[in-house]
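Examination of the molecular architecture
Here are the chains, one letter per residue:
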Amino acid sequence: MNEPNSMISNSKKRQRKEDRQGNDSDGNDSFEQDGREKKKKNLKGIITSLILLEQQEKSDQEEQSKASNEEKVLLDANHNKRIKTMVEYYDKFQDYHVEVQETERRKRKNSRAIAGALAVSAVSSGVAAREGIKDTKHGGGGQQRRLWVKDRDKEWWDDCNRPDYPEEEFKKAFRMSKSTFDMICEELNSVIAKEDTTLRNAIPVRQRVAVCIWRLATGEPLRLVSKRFGLGISTCHKLVLEVCSAIRSVLMPKYLQWPDEDGLRKIKNEFESISGIPNAVGSMYTTHIPIIAPKISVAAYFNKRHTERNQKTSYSITVQGVVDPKGIFTDVCIGWPGSMPDDQVLEKSALFQRANGGLLKDVWIVGTSGYPLMDWVLVPYAQQNLTWTQHAFNEKIGEIQLVAKDAFARLKGRWSCLQKRTEVKLQDLPVVLGACCVLHNICEMQNEEIDPELRVELVDDEMVPEVALRSATSMKARDAIAHNLLHHCHAGTRFL
């Protein structure tokens, strides 16, 4: 009886022991699991810290880079500002120096004139009082002494002004023959002629015109013009502006004007014989004239495309012109800033206003792809993948476009002042450029051929307008012209 009881007691003890061991193992497992979780949390914290540190470092680098860029921009701005200030100061200093010299020169001349006049007066009065006679040498009137003028060498101009001076040399210097030059002098004589005074002799009309034309033809600085003609720098500058103003007021209404009905009829026939395109009354082109950066509205005159192409900062103003088949200007629009595209220059022109008023009804002015297609402006097809008919049309309209481009090439080649930045102030440039266009027309009308060495190649960037097609009627008319050209075998096949 005792053995079974002992066996039962032992089995119960073993059971309790096993239960304690199971509990201990469960405790150990949970402890190990907690340790792993803590390690994971610590590892995640470390990774998060590393990510935050990396992001912070990246942010610091970006801020440092941004600060360095801002500092660089600030330094560049300060540098440009200092350069601009120095240039303006130098210009003002030069102007002040010239004014001081001019003032001193005038003072010296006035003092000499006054002293001379007093001396002559004193001597004349003293002689008359003592002897009671008159100075027969001076006609008895005691003529006043003339204002002292610096004796400059003008041998070059005196040589050019001789009747036997070679025609070729004269044309090389003034871009025109002696007969054309004489005709211009005669036309301007009544406007620019000055009379002699008791202080000095007036500059002759021929010399006045020669100063202006030689300056426009060569583009040389005023100091060289002064040496050539034996005149002061300020006098030469004044003469150029005076003669250009006279050309614009006297000769422009006569030599640069829109044709009458008979003239338009002849122009239509000539353009149609050139290209087969009917009712074309003009070929239009816009070119840029380089200028020195103005002191106001600099961005407006900044020529972005020219700057990007040549890697050199460029500022310009525009000249829009319409020419007839002979390359003679019939309309010009001068002076709009170089940042404006061709279509905006056209919208600002007087030609645009006159066309809206009905001047150009049922006729075409042919332009480049820089202009929009309008009721009176005919331009080539500009889209890709052109048809045979469209290619043929572009080929023929290109022959009319070439007339205007060649005319502007001759304009710039003949008057070299248009190829370089000039000393003329911005507000005076339209007058000078207008005079160049008028003189170009006179030379073309007089069949003055340009020296091949003077020819230039035009590089004017064309920007396609934002709205290139502005007339549905003109689109249909252009398509009809293109089909007629191909149907009547007027179109070439050079594009094949």
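See the structure printed just above.
This report concerns the structure included in the present document.

Reading the values: rules and limits
Residues numbered from 1 in each chain as written. Predicted model: local features only at pLDDT ≥ 70, side-chain atom pairs only at ≥ 80, totals over all residues. Heavy atoms only, no water. Helix = DSSP H or I, 4+ residues; strand = E, 2+ residues; numbered from the N terminus. Buried < 20%, exposed > 50% of the residue type's maximum accessible area, 1.4 Å probe, protein only. Contact = heavy atoms within 4.5 Å. Areas by Shrake-Rupley, 256 points an atom, 1.4 Å probe, with all protein chains shown as cover. Polar contact = N/O pair within 3.5 Å; in protein donor to acceptor, adjacent residues only side chain to side chain. Expected span 1.5 Å × (residues − 1). Axes fitted to C-alpha atoms, helices over the stretch in contact; angles between N-to-C directions. Left-handed = near helix turned anticlockwise from the far one by under 90°. Patch = residues over 30% accessible without salt bridge, like charges linked within 9 Å, V, L, I, M, F, W, Y side chains within 5 Å. Salt bridge = Lys/Arg side-chain N within 4 Å of Asp/Glu carboxyl O. Lys, Arg positive; Asp, Glu negative; His and termini not counted. Charge placed at Lys NZ, Arg CZ, Asp CG, Glu CD. Phe/Tyr/Trp six-rings, centres within 6.5 Å; stacked < 30°, edge-to-face > 60°. Lys NZ or Arg CZ within 6 Å of the ring centre and 35° of its normal. Pairing = 2+ DSSP bridges.

Description of the overall build of the protein chain
- Secondary structure assignment for the protein chain yields 14 helices and five strands.
- Within the protein chain, the fraction of its 496 residues that count as buried is 37%.
- In the protein chain, 71% of the contacts between residues at least 6 apart in sequence involve partners at least 24 apart.
- Here the protein chain has roughly 30900 Å² of accessible surface; of this, 52% comes from carbon and sulfur atoms.

Here's the deal with the side chain of His440
- With respect to the secondary-structure elements, His440 resides in helix 13 (residues 429-445).
- Classification of His440 as buried rests on a relative accessible area of 0%.
- A distance of 3.0 Å separates the side chain of His440 from the backbone oxygen of Gly327, its partner in a polar contact.
- Setting aside chain neighbours within four positions, we find His440 in contact with Gly327, Phe329, Ala407, Arg410, Leu411, Arg414 and Trp415.

A word on helix 5 (residues 205-218)
- Helix length check: helix 5 (14 residues) gives 20 Å between terminal C-alpha atoms against 20 Å at 1.5 Å per residue, within 8%.
- The buried fraction of helix 5 is high, at 13 of 14 residues.
- Backbone geometry just downstream of helix 5 places Gly219 in the positive-phi region, at approximately 70 degrees.

Notes on the packing of helix 5 against helix 6 (residues 222-229)
- Where helix 5 meets helix 6, the closest approach of the two axes is 11 Å, and the angle between their N-to-C directions is 140 degrees. Our pair here, helix 5 against helix 6, has a crossing hand that is right-handed. Where helix 5 abuts helix 6, its residues Gln207, Ala210, Val211, Trp214 and Arg215 lie against Leu222, Leu224, Val225, Arg228 and Phe229.

A closer look at a negative patch on the surface
- A cluster of acidic residues, Glu54, Glu57, Asp60, Glu62 and Glu63, forms a negative patch on the protein surface.
- Judged by relative accessible area, Glu62 falls into the exposed class, the value being 51%.

Remarks on the packing of aromatic side chains
- According to the stated counting rule, one finds 14 aromatic pairs in the structure shown.
- Across from the ring centre of Trp156, 4.7 Å away, lies the NZ or CZ of Arg228, which sits over that ring.
- The residue whose ring lies beneath Arg478 is Tyr381, and the NZ or CZ to ring-centre distance is 4.0 Å.

Details of the sheet that holds strand 2 (residues 315-323)
- Reading across the sheet, the five strands line up as 3-2-1-4-5 and stay open at both edges, with mixed pairing between neighbours. In this open sheet, the two edge strands, each paired with only one partner strand, are strand 3 (329-337) and strand 5 (377-378).
- As paired elements, strand 2 and strand 3 share six bridges and run antiparallel to each other. When the sheet's bridge partners are listed, Val319 is paired in strand 3 with Ile334.
- Across the sheet, helix 12 (residues 388-414) is in contact with strand 1 (280-291), strand 2, strand 3, strand 4 (364-366) and strand 5; its angle to strand 1 comes to roughly 45 degrees.

Here's the deal with a positive patch on the surface
- On the surface, a cluster of positive charge is made up of Arg36, Lys38, Lys39, Lys40, Lys41 and Lys44.
- Turning to its location among the elements, Lys41 is positioned in helix 1 (residues 2-131).
- Residue classification places Lys41 among the exposed residues on the basis of a relative accessible area of 62%.

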